[in-house]
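Summary of the model geometry
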Amino acid sequence: MSGGGRASSGQILVLSWLVVVPSLSQVRHSLPVLWIMPLTDNPGRGNLTASLLPAVQLALDDLSRQQTPLRNYEINFHVIDSECNIAKGLKAYFDAICFGPKYLMIFGGVCPSVTSVIAESLQGWNLVQLSFAATTPVLDDEKKYPNFFRMVTSDNTVNQAVVKILQNYKWRRVGTLTQDVQRISEIRRDLTKQLSKADVMVAVTESLSTDPCVNVKKLKDMDVTIIIGLFDENSASKVFCCAYSLNMFGGRYQWILPGGYQGSWWEEANSSNCASNNLLTAMEGYITVDFTHLSNRQIKGISGRTPEEYDETYNRELLQRGLVASKFHGFAYDGVWVMVKALTRVIESVRHRERYDIHRNFTVSSKEIGQMVLDSMKEICFEGVTGQVMFRNGERMGTIKLSQFQEGREVKIGQYNAEELELNHLIKFQGMQPPKDRTHSQRWDVSVPLYIILLSTTGLAMLMALFFLFFHIKHHNHWVMKSSPSMNYLIILGTMLACTSVFLYGLDGSLVTDKVFVMLCPIRTYILSVGYTTTFGALFAKTWRVWTIVKNKEIIEKIIKDDQLWIIVGGMLLMDLCLLTCWQMVDPLRRTVEEFSQETAPGGEVNTRHFLEHCESTNLTKWLAIVYGYKGLLMFLGCFLALRTRHAHIHLLDDSKYTRLSMYHVTVMSIIGASGCFLTQYHPNVQLFIMALVVISCCTCTLCLVFLPKLVKIRDNPNQVDPTSWLQCDLHKEDSETSSSSSSLNQGRSLESLRTENQQLWRRITEIGDQLEDVAMQVLEEELSPPSPQGHEVRLRAQVCSEDVPRMNRELFDDINSPEHLQRRRSVQLPILHHAYMPAIGGRTASCSSLLRSPDVPSAQQRHMPPSHRVMVTGL
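Residues numbered from 1 in each chain as written. Predicted model: local features only at pLDDT ≥ 70, side-chain atom pairs only at ≥ 80, totals over all residues. Heavy atoms only, no water.

Side note on the overall build of the protein
The number of helices and strands found in the protein is 27 helices and 21 strands. Look at the contacts in the protein between residues 6 or more apart in sequence, and 75% of them connect residues 24 or more apart. When the accessible surface of the protein is summed, it comes to about 43,500 Å², and 56% of that surface belongs to carbon and sulfur atoms. (Helix = DSSP H or I, 4+ residues; strand = E, 2+ residues; numbered from the N terminus. Contact = heavy atoms within 4.5 Å. Areas by Shrake-Rupley, 256 points an atom, 1.4 Å probe, with all protein chains shown as cover.)

Quick look at the sheet that holds strand 3 (residues 29–37)
Ordered in space as 4-3-5-6-7, the five strands form an open sheet in which the pairing is parallel. The sheet is open, and its two borders are formed by strand 4 (73–81) and strand 7 (148–150), each paired with just one other strand. The average angle at which neighbouring strand axes cross in this sheet is 25°, direction not considered. Together, strand 3, strand 4 and strand 5 (105–108) form the strand contacts of helix 2 (residues 86–99), whose direction differs from that of strand 4 by roughly 150°. Relative to strand 6 (residues 128–131), helix 3 (residues 112–120) is tilted by about 155°, and along the sheet it contacts strand 3, strand 5, strand 6 and strand 7. (Pairing = 2+ DSSP bridges. Axes fitted to C-alpha atoms, helices over the stretch in contact; angles between N-to-C directions.)

Quick notes on the sheet that holds strand 13 (residues 381–384)
The strands making up a sheet are joined through hydrogen bonds of the backbone, oriented either antiparallel or parallel. Strand order across the open sheet formed by three strands is 13-14-15, with antiparallel pairing between neighbours. The strands lining the two open edges of the sheet, one partner per strand, are strand 13 and strand 15 (395–396). Pairing of strand 14 (residues 387–392) with strand 15 involves two bridges; the strand directions are antiparallel. The partner of Arg392 across the bridge, within strand 15, is Glu395. Running at roughly 150° to strand 13, helix 12 (residues 329–356) makes contact with strand 13, strand 14 and strand 15 of the sheet.

What about a nonpolar patch on the surface?
Taken together, the side chains of Val448, Ile452 and Leu511 define a hydrophobic patch exposed on the protein surface, amounting to about 260 Å² of accessible area. Topologically, Ile452 is positioned in helix 14 (residues 448–474). (Patch = residues over 30% accessible without salt bridge, like charges linked within 9 Å, V, L, I, M, F, W, Y side chains within 5 Å. Salt bridge = Lys/Arg side-chain N within 4 Å of Asp/Glu carboxyl O.)

Things to note about the pattern of salt bridges
Pairs can form between side chains of opposite charge once their charged atoms are near each other. Counted by the stated rule, this structure contains 17 salt bridges. The salt bridge involving Asp514 is made with Arg591; its shortest N-O contact spans 3.4 Å. Here Asp514 is found in helix 16 (residues 514–551), whereas its partner Arg591 is found in strand 20 (residues 590–600), with 77 residues between them in sequence. A relative accessible area of 40% places Asp514 in the partly exposed class. According to the relative accessible area criterion, Arg591 is partly exposed, its value standing at 26%. Across the salt bridge formed by Arg764 and Glu767, the nearest N and O atoms sit 3.9 Å from each other. With Arg764 and Glu767 both in helix 23 (residues 751–784) and three residues apart, this pair spans about one turn of that helix. Exposure remark for Arg764: the relative accessible area of 48% places this residue in the partly exposed category. Each member of the salt-bridge network shares a partner with another, and the members are Asp62, Arg65 and Arg305. (Buried < 20%, exposed > 50% of the residue type's maximum accessible area, 1.4 Å probe, protein only.)

Details of the pairing of strand 8 (residues 173–178)
Among the six residues that make up strand 8, six are buried, leaving the element largely enclosed by the rest of the structure. Covered by surrounding structure in strand 8 are Arg173, Gly175 and Leu177 together with Val174, Thr176 and Thr178, the residues of both alternating faces. Two elements, strand 8 and strand 9 (residues 201–207), share six bridges in a ladder whose sense is parallel. Its bridge partner lying in strand 9, Thr176 is registered against Thr205.

A short note on the side chain of Thr534
Considering the arrangement of structural elements, one finds Thr534 in helix 16. Exposure remark for Thr534: the relative accessible area of 3% places this residue in the buried category. In this structure the side chain of Thr534 is engaged in a polar contact, spanning 2.7 Å, whose partner is the backbone oxygen of Val530. Residues contacting Thr534, with those up to four places away along its chain left out, are Leu490, Gly494 and Leu573. (Polar contact = N/O pair within 3.5 Å; in protein donor to acceptor, adjacent residues only side chain to side chain.)

Topic: the packing of helix 1 (residues 48–64) against helix 11 (residues 307–321)
Following both chains from N to C, one finds helix 1 and helix 11 inclined at 130°, their axes separated by 10 Å at the closest point. Relative to helix 11, the element helix 1 lies oblique. In terms of crossing hand, the pair formed by helix 1 and helix 11 is right-handed. In this structure, helix 1 uses Ser51, Pro54, Ala55 and Leu58 to contact helix 11, whose residues at the interface are Tyr310, Thr313, Tyr314, Glu317, Leu318 and Arg321. Of the residues that constitute the contact of helix 1 with helix 11, the class distribution is six nonpolar, two polar and two charged. (Parallel < 35°, antiparallel > 145°, perpendicular 65-115°, else oblique. Left-handed = near helix turned anticlockwise from the far one by under 90°. Nonpolar A, V, L, I, M, F, W, Y, C, P; charged D, E, K, R; others polar.)

Topic: the environment of Asn159
Position of Asn159 among the secondary structure elements: in helix 5 (residues 155–168). In the structure, Asn159 is positioned 34 residues away from Lys193 in sequence and 9.8 Å away in space, judged by C-alpha atoms. Residues contacting Asn159, with those up to four places away along its chain left out, are Ile187, Asp190, Leu191 and Gln194. Within the structure, the side chain of Asn159 is placed 3.4 Å from the backbone oxygen of Ile187, a separation counted as a polar contact.

Quick notes on the state of the cysteines
Two cysteines, two sulfur atoms, one covalent bond between them: this is a disulfide. Considering all chains together, one arrives at four disulfides under this definition. A sulfur-sulfur distance of 2.1 Å marks the disulfide that ties Cys213 to Cys242. Measuring handedness by torsion sign, the sulfur bridge of Cys213 and Cys242 sits at about -80° and is left-handed. Taken as a pair, Cys213 in helix 7 (residues 212–221) and Cys242 in helix 8 (residues 233–245) lie far apart in primary sequence, 29 residues in all. (Disulfide = S-S within 2.5 Å.)

A short note on the nonpolar core
Core analysis: the largest hydrophobic core is formed by 81 residues, its most contacted members being Phe107, Phe132, Leu166, Val289 and Met377. Top contributing element to this core by residue count: helix 12, with twelve residues. Among residues more than four places away in sequence, those in contact with Val289 are Val158, Ala161, Val162, Ile165, Ile256, Leu257, Pro258, Gly259, Gly260, Ile400, Lys401 and Leu402. Residues Phe540, Leu634, Ile696 and Cys698 belong to the second largest nonpolar core, which totals 46 residues. (Core = buried A, V, L, I, M, F, W, Y, C linked by side-chain atoms within 4.5 Å.)

Focus: unusual backbone geometry
The backbone phi angle of Asn126 is positive, close to 60°, even though this residue is not glycine. Relative to the helices and strands, Asn126 resides in the loop between helix 4 (122–125) and strand 6. We note that Asp199 has phi near 60°; this positive angle belongs to a residue other than glycine. Along the chain, the position of Asp199 falls in the loop between helix 6 (182–197) and strand 9. On the basis of relative accessibility, which here comes to 60%, the residue Asp199 falls in the exposed class.

A look at the side chain of Ser501
Structurally, Ser501 is set in helix 15 (residues 485–505). Its relative accessible area of 0% is what places Ser501 among the buried residues. Looking at Ser501, its side chain comes within polar contact range of the main-chain oxygen of Ala498, at 2.4 Å.

What about the packing of aromatic side chains?
Under the criterion given, the structure shown has 24 aromatic pairs. Summarising the aromatic geometry, the rings of Tyr169 and Phe429 are spaced 5.3 Å apart at their centres and angled 85° between planes, so their arrangement reads as edge-to-face. Of this pair, Tyr169 sits in the loop between helix 5 and strand 8 while Phe429 is found in the loop between strand 18 (420–423) and strand 19 (440–443), placing the two residues 260 residues apart along the sequence. One aromatic cluster is present, formed by Trp35, Phe77, Phe107 and Phe132 through successive ring pairs. (Phe/Tyr/Trp six-rings, centres within 6.5 Å; stacked < 30°, edge-to-face > 60°.)

Overview of the packing of helix 16 against helix 18 (residues 620–644)
Two quantities define a packed helix pair, namely the angle between the axes and the distance from one axis to the other. Packing of helix 16 against helix 18 brings their axes to within 9 Å, and their N-to-C directions diverge by 30°. Comparing the axis directions of helix 16 and helix 18 gives the class roughly parallel. In terms of crossing hand, the pair formed by helix 16 and helix 18 is left-handed. On helix 18, the residues that touch Ser529, Tyr532, Thr533, Phe536, Phe540, Thr543, Trp544 and Trp547 of helix 16 are Lys631, Leu634, Met635, Leu637, Gly638, Leu641, Ala642 and Arg644. Its residues assigned to classes, the contact of helix 16 with helix 18 shows ten nonpolar, four polar and two charged.

Focus: helix 7
For an α-helix, 3.6 residues make a turn, and residues three or four places apart therefore share a direction. Taken as a whole, helix 7 has its buried residues at Pro212, Asn215, Val216 and Leu219. Along the axis of helix 7, the buried residues cluster in a sector spanning 100°; they form a single face. Exposed positions of helix 7 whose direction lies more than 90 degrees from the buried face are Val214 and Asp221. With its phi angle positive at about 60°, Asp223 sits one or two positions after the end of helix 7. (Arc of directions from axis to C-beta.)

Listed below in structure tokens is the structure:
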């Protein structure tokens, strides 16, 4: 091997190295090949060219010992320094093309920036490039780089293996930590695309800064447990040092390093402040994904060496020269053989054409030579020290090796080949099972059995409401149902709305989607509030009417119709709707997810973070205070009215007592429910149970208290007419068809007119009574004649009775319903009239309304029977 240099037109130094292949005969022809490599040290890789030269020389030596068609040719490698700089690399490349020999192929190419630009121009120069160290995914595009081939497996394939590992362990959430260099940035972009296709979420992407601990902490804050690291050895030591200080190692975390490192890199590249033991502790268990450097099949390939034999020879050469091994050396070795195979095919093809061509002196153009080389490269297939060598669309179909760092060394745990992942039993995780890709989020949701039980109970309550609704409609003409029927309908409607809210409050994120949950937030608030207000408002209105009747002694002069009760309930509902609408417009309810502290499982590898989703607004406390204050004031006022009317009893408003009890119960249960739901807001099962219990209790008790007594009365007295209203029917026949209690109490007559009519009727009754008594006395006188000793006494008694008549006329307003008067009249009238004239006399039952009693007539308890009446009754 010899070296030399020449000055280009741009005054850029071009190094040329001549590698002569010893042949059995005299060298006749030169085969120039351009070798593009960085000759300076590359951070993280050292002087790559110096590490690869022994492998190339070893390949040429092995080639010289075999009989090949190239024995009459020599291969001249002209090496140019790309310096991993686009400008300098292109200048050196064009100088070599313009001022150098006619190159048949280009060998090498490492830096993605320079290699990609040169590879794109190959077709124009009719050249084919074979790279053994360019792994960038950018060069995968065959249409853009049709004349580019590479011996090493692309990072695209490495990324595919990474995705396969993630899918194998069902890791769907990862974070990436990358070094900010071009090659790694290209790998990261390709990896991101493949992760997206595989439906793996990249939670956070961090680029290493001056202080890697800041980036590592960001990963921890984002709850990333599966971390893909793309950085060199020097950065790796700093990253794992930060991971140790932040406790990001062990069974909860898994580090995956595509590309891998060489040997004991942590000893050579430890630029961190961590001790070696701490660094090894943080590194324990990381997985590397990298192409296979040498084949595991210990069989002799095209060179006549097994991979193990080649590796021993190569390491011996490195030791003699004091160089560090490169992981690309096997690919450089096999690359020389690929180049020789391709050129051999080209030479054989040219010789064949020369032999059978009719023109002895023919020439082959550069384009034809380039096409021959290209076709030959596509047909390459042999067994090398790196495995089977063949190309598909310019890419090497290689094997990806999976290794895991265990107890201070990397252990092979599997491989990836042809889209198939193979893992062995040597893989170990520091926990009892593979780590989870995220902290296990567990929703505090509603228990399904509890929800079903509550739904069943609520359904029964709604069926009860429907039963009472049909019952009310069927018996709406019965006098028992005349007490505010419209309010009764509102009570049934309100209870059914309140029961419906139980269905809605039990629906959480485990049963509905997030979008539906957001829609349910205001809907269930509206339904519960309107249902409560409708039921309580109807009870409040009925209680208010009773209080008004009790308070006003002249209630008959004041007409209270159901329309006024509707105004009260409607006002409450309007206030509710206005308040809820303002709330939703100003500060709408939204779905909020509240997360709680993590809980570590006993094994230490799984963390559980509970979260609770609920409806919340920015100023929720203030809005609830307004709603509770408004409804609390109504409940207080309703209980006050119920307390003031506790002794009132109005026959036609027979359900007032049960209305008061319902109001007490609703108030107490509402306070219990509001307090219980507030205290159990972080326990959804308990909160739903309390809420459902309060709603169901309020609804069922209200329905039973309001409608069960009516049902019992209708069962006992199916007659639709009130049996105690016969006198009112006699006095006011034109009003007998009244449909409500308020119209029954107020038949359109004032108090004074009723009093006047009452006095007139009493006078009429008294006159009829006087006439009947005169007739009775005359009949008695005739029947008792002829005179006898007893006759005088009878006449004397009759005379006494007749003398009492003026006195009875004077006592116009005496109570003729007293037992004494009734007994006297029966004694006088029954023998004559045979009980047929008693209704005309004015006899009444004790149940007659006290409104018909004259205010001037004293009660029976305050009067005494005159002696003459006692004598008359005794005689008769």
